[in-house]
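Structural overview
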Amino acid sequence: MREIRINQNEAGQRLDKFLGKYLKLAPRAFLYKMMRKKNITLNGKRCDGSERLENGDEVKLFLAEETIEKFSKIKVQKVKKKKLDIIYEDDHVLLINKPAGMLSQKARDTDESLVEYVIDYLLASGQLKEQELRSFRPSVCNRLDRNTSGLVAAGKSLAGLQILSEILKTRSLEKYYLCGVAGRVGEKSRIDGFLIKDEKKNQVRIYPSAAQGANQEAGAPISTEYEPLGWENGYTLLRVKLITGKTHQIRAHLASVGHPLVGDNKYGDKDVNEEAKRRYGILFQMLHSYEMVFPSLPNPLSFLGGESFAAPVPAEFYRVFPSFDWSGLRR
C-alpha cells in the first residue's frame, strides 16, 4: 500500500488525470476498476476519478509495490552538467538566459535540452524530488530556436506553468528581441504577412497577403514591429517586438523584406554570413531574446505584474556594433 499526499503542483486537477500521470503505464480501465473496488481511495473514501484534488488530500493505493513500480517508472535523463544563467527565480518561475546552440526542447529522445537541464538543476538543488516527477514535470513555456539566445521562461510549479502558458497564449507577455541584419534600415516600421510552415523541411515561407499563398494552403497571419537602434559596418541593429509569435517569424519576416539576419544559415545571405564570420567570428544568427515585460498576473504570481527582466547581450553584438551605447538600451 502507498499513501500519496497531494501538493500544490498536483492540486486543482481531476483525480483520474493525476492517476494517469502517476501510474502512466497502467491502462485507464485498470485505474477505474481499482477505484470501483476501493483499491484506490481518496481521503479514505470510495472515488470515481471525477473528484477535483485539493492541496493536502490523501490518495491511497492498495496495490502491491511491484505493481505500483511496474506502472509508474520514472525516467530521469542523465545529462551533462550545465551551469544555467538564471536571470530570475522564485518558487514558481525560472527565467533563463539560453545560449545560442542549446535546444529549448528536445526533438529526439537522445537530445539534451534546456528542459532536461532545468530538471537536473532542480533535482540537484533539492527543490524537486525524483518521485515528484511521477505526476509533475517542470518545463519551459516559450521556445527559442537552437541558434537563438536569450530569455526563456520555465515553470517550476503547476501554477507557474499554467500562468506562463496563459500569458503566452494571449500574447499579453511583451517580448523584445535584438538582432543584427544586413543593410541599412532607416525607420521604425511594422510589417504584416502570412506564414506557411513546411514541417518536413522545418522551414517557413512568408507571403505579403493571404491571396498569394492561398493557392497552396492557408497561412497564419503574422505581425512584426521593429525599430533601428544603430547602423555600423553595413549592418543595422534592430529592436524587434513580436506581435504574433510563430516559428522562425523574425528570421523569415525580415529576410522577406530584404534584411536577413546576420549569421542566419537558413534564411540569410551566404556572402553576408561568410563575411561576418571572417570579420567578427559570427557563428550563429544574431538574434537575442532580450527582454520580457509581465502583464498583471493572478496569485501566486501577482507580484510579477508590471516587472521587466532583461538578458545580457551576447559578445558578438558588441563586436559588430562597437560604437553603440549599450548602457542606454531601453524598450
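What comes next is a walk through the structure.

Reading guide: rules and limits
- Residues numbered from 1 in each chain as written.
- Predicted model: local features only at pLDDT ≥ 70, side-chain atom pairs only at ≥ 80, totals over all residues.
- Heavy atoms only, no water.
- Phe/Tyr/Trp six-rings, centres within 6.5 Å; stacked < 30°, edge-to-face > 60°.
- Helix = DSSP H or I, 4+ residues; strand = E, 2+ residues; numbered from the N terminus.
- Buried < 20%, exposed > 50% of the residue type's maximum accessible area, 1.4 Å probe, protein only.
- Lys NZ or Arg CZ within 6 Å of the ring centre and 35° of its normal.
- Salt bridge = Lys/Arg side-chain N within 4 Å of Asp/Glu carboxyl O.
- Pairing = 2+ DSSP bridges.
- Axes fitted to C-alpha atoms, helices over the stretch in contact; angles between N-to-C directions.
- Contact = heavy atoms within 4.5 Å.
- Parallel < 35°, antiparallel > 145°, perpendicular 65-115°, else oblique.
- Left-handed = near helix turned anticlockwise from the far one by under 90°.
- Nonpolar A, V, L, I, M, F, W, Y, C, P; charged D, E, K, R; others polar.

On to the packing of aromatic side chains. What characterises a pair of aromatic rings is the spacing of the ring centres plus the angle enclosed by the ring planes. Applying the stated criterion across every chain, the model contains eight aromatic pairs. Ring geometry for Phe-18 versus Tyr-22: centroids 5.8 Å apart, planes at 35°, classification tilted. Remark: Tyr-22 and Phe-18 occur in helix H1 (residues 15-22); sequence separation between them is four residues, near one turn of the helix. Like Tyr-22, Phe-18 is buried. In textbook terms, an aromatic cluster arises when at least three aromatic residues are bridged by ring pairs, as seen for Phe-317, Tyr-318, Phe-324 and Trp-326. Stacked on the ring of Trp-231, the Lys or Arg Arg-184 has its end atom at 4.3 Å from the ring centre.

Attention now moves to the pattern of salt bridges. In this structure the tally under the stated criterion is 16 salt bridges. Note that Glu-3 is salt-bridged to Lys-60, the shortest N-O span being 4.0 Å. Pair noted here: Glu-3 is in strand S1 (residues 2-5) and Lys-60 is in strand S3 (residues 58-61), with a separation of 57 residues, a long-range link. A salt bridge links Arg-190 to Glu-225; the nearest nitrogen and oxygen atoms lie 4.0 Å apart. Here the residue Arg-190 occupies a position in strand S9 (residues 189-198), and Glu-225 occupies one in strand S11 (residues 220-232), the gap between them amounting to 35 residues. The exposure class of Arg-190 is partly exposed, given its relative accessible area of 44%. With relative accessibility at 26%, the residue Glu-225 sits in the partly exposed group. Shared partners join several salt bridges into a network, and the residues in it are Arg-2, Glu-65, Glu-69 and Arg-134.

Turning our eyes to something else, we now look at the sheet that holds strand S2 (residues 40-42). If you walk across this open sheet you meet the three strands as S1-S3-S2, and the pairing is antiparallel. Because the sheet does not close on itself, it has two edges, and the strands there are S1 and S2. Sheet twist, expressed as the average angle between the axes of neighbouring strands with direction ignored, equals 15°. The pairing of S2 with S3 spans three bridges and is antiparallel. The residue of S3 that forms the bridge with Thr-41 is Lys-60. Across the sheet, H1 touches S1, S2 and S3, and the angle it forms with S3 is around 50°.

Among the structural elements, Glu-10 can be located in the loop between S1 and H1. A relative accessible area of 6% means that Glu-10 is categorised as buried.

It is worth spelling out the packing of H1 against helix H2 (residues 28-36) at this point. Packing of H1 against H2 leaves a shortest axis separation of 10 Å and a crossing angle of 120°. In terms of axis orientation, H1 runs oblique to H2. Taken as a pair, H1 and H2 cross one another with a handedness that is right-handed. On H2, the residues touching Leu-15, Asp-16, Leu-19 and Gly-20 of H1 are Arg-28, Leu-31, Tyr-32 and Met-35. When the residues that make up the contact of H1 with H2 are grouped by side-chain class, the tally is five nonpolar, one polar and two charged.

The residue after Asn-299, namely Pro-300, is reached through a cis peptide bond having omega 10°. Residue placement: Pro-300 occurs in the loop between strand S13 (287-293) and strand S14 (308-310). Although it is not a glycine, His-248 adopts a positive phi angle of roughly 60°. Topologically, His-248 is positioned in the loop between strand S12 (235-242) and helix H7 (249-256). The buried category is assigned to His-248, whose relative accessible area is 7%.

Treat this as a map of the structure, not an account of what it does.
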